[in-house]
Amino acid sequence: MRPPSPLRRRPPQGLPLRTIAPNALTALALCSGLTGVRFAIAASGAPIGLGDSSQWQLAVIMILVASALDGVDGQVARMLRGTSRFGAELDSLSDAISFGVAPALILYLWALNTSPKFGWACALLFAVFCALRLARFNAAIDATDQPRKSAGYLTGIPAPAGAIGAMLPMYLWFITDDSRFRSPWLVAPWVAFMAVLMVSSVATFGWASIRLRRRIRFEALVVIVAIGAALISAPWPTLAVICVAYLVTIPFSVAGYARIRRLRANISVAPPA
């Protein structure tokens, strides 16, 4: 009589438990971005001339919350060893909606709808270019040769930075209540410019490219705390300054990566000793 064969173990199905937390944060970021659209719809339906910007501010805050959650979910996934292909795909889909579709709709309802054809074209451009950037990122995620990533640089500005930067006219409007910042002839070109930066091939700083010396790490902590305090006490002027400062760093990041490319080229052509 043959002994009973051992039971075969079934392959694990579904998502591991450790991936639930980062994927939940990604889903919350998606919910936050879509909630921003809800506040923008409510604000656009309010009577004209009341000057109440609270609903618009809530719409922007929801995009900022989505960007904060987007920055946390990857760190949580790596900390819990919960990275997965599913999480990567969900993150890209969430980013496309939260930082592409949602900001485009908010800006259209806020200013671009007064010039429907031109304004809608720029809103579409922003949403589509954000999706193209994320598709390019996903296509290269398994590539072994990524010289910019290995040097700590990004290609183009990331989607959250593009969304936050595209809403710069809104921050200035919140500060000054000047209707000129709400003009579609100012907002539309700015939105198109940020869309082009997202799909551009310019090298931009990533977190890995920022290396602080030991003697200035305490000073860096002080600066971070000061920025956090400024965001709490005066959020819109602080965000406007951050956006301008980030754009100013782009020429320096391009020059920094060009220097790294030259060093790598010199090393590759150097004759063996």
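For the structure given in this document, a descriptive report is provided here. (Residues numbered from 1 in each chain as written. Predicted model: local features only at pLDDT ≥ 70, side-chain atom pairs only at ≥ 80, totals over all residues. Heavy atoms only, no water.)

Points about the overall build of the protein
Selection rule: Numbering goes from the N terminus for both helices and strands, where a helix is a DSSP run of H or I of at least four residues and a strand is a run of E of at least two. Whether a residue is buried, partly exposed or exposed follows from its accessible area with a 1.4 Å probe, protein chains only, as a fraction of its type maximum: under 20%, in between, or over 50%, in that order. Every residue pair with non-hydrogen atoms within 4.5 Å of one another is taken to be in contact. Only the protein chains shown count as covering a residue, and every accessible area follows the Shrake-Rupley method with a 1.4 Å probe.
Helices and strands together make up the secondary structure of the protein, namely ten helices and two strands. Each helix and strand of the protein, placed in order from N terminus to C terminus, yields the pattern α-α-α-α-α-β-α-α-α-β-α-α. Looking at the 273 residues of the protein, the share that counts as buried comes to 37%. Summarising the internal contacts of the protein: among those between residues at least 6 apart in sequence, 83% fall at separations of at least 24. Per element, the accessible surface of the protein, about 16600 Å² overall, is 68% carbon and sulfur.

Remarks on helix H3 (residues 85–110)
Short version of the rule: The length a helix should cover is 1.5 Å for every residue beyond the first. Bend at a residue means the angle formed by two fitted axes: the first through the 7 residues ending at that position, the second through the 7 residues beginning there.
Taking 1.5 Å of rise per residue, the 26 residues of H3 would be expected to cover 38 Å, and the 36 Å separating its terminal C-alpha atoms lies within 8% of that figure. Along its length, H3 reaches its greatest deviation from straightness, about 30 degrees, at alanine 102, and the proline proline 103 lies no more than four positions downstream.

Focus: the nonpolar core
We count it as follows: Definition used in this section: a nonpolar core is a set of buried Ala, Val, Leu, Ile, Met, Phe, Trp, Tyr and Cys residues joined via side-chain atoms within 4.5 Å.
If you look at the biggest cluster of nonpolar residues, it comprises 55 residues, and the most contacted ones within it are Trp56, Leu107, Trp110, Phe126, Met170 and Tyr171. Contributions of two or more residues to this core are made by helix H1 (20–44), helix H2 (54–79), H3, helix H4 (116–139), helix H6 (159–166), helix H7 (168–176), helix H8 (184–199) and helix H10 (235–269). Aside from chain neighbours lying at most four places away, what touches tryptophan 110 is Trp56, Pro169, Met170, Trp173, Phe181, Arg182 and Val187.

Comments concerning the packing of H1 against H3
Heads up, the rule is: A fitted line through C-alpha atoms serves as each axis, taken over the contacting stretch for helices, and the angle formed by two N-to-C directions is quoted from 0 to 180°. In what follows, roughly perpendicular refers to angles from 65 to 115 degrees, roughly parallel to angles under 35, roughly antiparallel to angles over 145, and oblique to any angle outside these ranges. Residues are grouped as follows: Ala, Val, Leu, Ile, Met, Phe, Trp, Tyr, Cys and Pro are nonpolar; Asp, Glu, Lys and Arg are charged; every other residue, Gly included, is polar.
One can describe the packing of H1 onto H3 by two numbers: an axis separation of 9 Å at closest approach and a directional angle of 10 degrees. Classified by the angle between their axes, H1 and H3 sit roughly parallel to one another. From H1, Asn23, Thr26, Ala29, Leu30, Gly33, Leu34, Gly36, Val37, Ala40, Ile41 and Ser44 reach across to H3, where they touch Phe86, Gly87, Leu90, Asp91, Ser94, Ile97, Ser98, Ala102, Leu105, Ile106 and Leu109. A breakdown of the residues in the contact of H1 with H3 according to their chemical character gives 13 nonpolar, eight polar and one charged.

Details of the environment of threonine 204
Tracing the chain through its elements places threonine 204 in strand S2 (residues 203–205). The class for threonine 204 is buried, based on a relative accessible area of 1%. Sequence separation between threonine 204 and isoleucine 157 is 47 residues, and the spatial gap between their C-alpha atoms is 6.3 Å.

Thoughts on the pattern of salt bridges
What counts, and what does not: By convention in these notes, a salt bridge is any Lys or Arg side-chain nitrogen within 4 Å of a carboxyl oxygen on Asp or Glu.
Considering all chains together, one arrives at two salt bridges under this definition. Among the salt bridges present, the one from arginine 85 reaches glutamate 89, with a minimum N-O distance of 3.5 Å. Of this pair, arginine 85 and glutamate 89 both sit in helix H3, separated by four residues, roughly a single helical turn. By relative accessible area, which is 33% here, glutamate 89 ends up partly exposed. The shortest N-O distance in the salt bridge between arginine 180 and aspartate 178 comes to 2.7 Å.

A few points about the packing of aromatic side chains
Threshold: Two rings from Phe, Tyr or Trp (for Trp, the six-membered ring) form a pair when their centres sit within 6.5 Å of each other. Planes less than 30 degrees apart are called stacked, planes more than 60 degrees apart edge-to-face, and all others tilted. Two limits define a charge over a ring: the Lys NZ or Arg CZ must be within 6 Å of the ring centre, and within 35 degrees of the ring normal.
This structure, assessed with the given rule, holds nine aromatic pairs. Over the aromatic face of tryptophan 173 sits the side chain of arginine 182, whose NZ or CZ is 4.8 Å from the ring centroid.

A closer look at the packing of H4 against H6
Here is the rule we go by: In this scheme the crossing of two helices becomes right-handed for a clockwise turn of the near helix relative to the far one and left-handed for an anticlockwise turn of less than a right angle.
At a minimum axis distance of 10 Å, the contact between H4 and H6 shows a crossing angle of 160 degrees. Considered as vectors, H4 and H6 are oriented roughly antiparallel to each other. As for the relative orientation of H4 and H6, their crossing is right-handed in sense. Taken together, the residues of H6 that come into contact with H4 (itself represented by Phe126, Cys130, Arg133 and Leu134) are Ala159, Gly162, Ala163 and Ala166.

Considerations on the environment of proline 235
Tracing the backbone through its elements, the reader meets proline 235 in helix H10. In this structure proline 235 comes out as partly exposed when scored by relative accessible area, which is 27%. When the C-alpha atoms of proline 235 and phenylalanine 174 are compared, they prove to be 10.0 Å apart, with 61 residues separating the residues in sequence.

Some thoughts on a nonpolar patch on the surface
Spelled out, the test is: Patch building starts from residues that exceed 30% relative accessible area and form no salt bridge, then joins like charges within 9 Å and nonpolar side chains (Val, Leu, Ile, Met, Phe, Trp, Tyr) within 5 Å.
A surface patch of nonpolar side chains, amounting to about 360 Å² of accessible area, comprises Phe205, Val244, Val248 and Phe252. Of all the elements, H10 adds the most residues to the nonpolar patch, at three residues. The residue valine 244 is located in helix H10 in this model. According to the relative accessible area criterion, valine 244 is partly exposed, its value standing at 44%.

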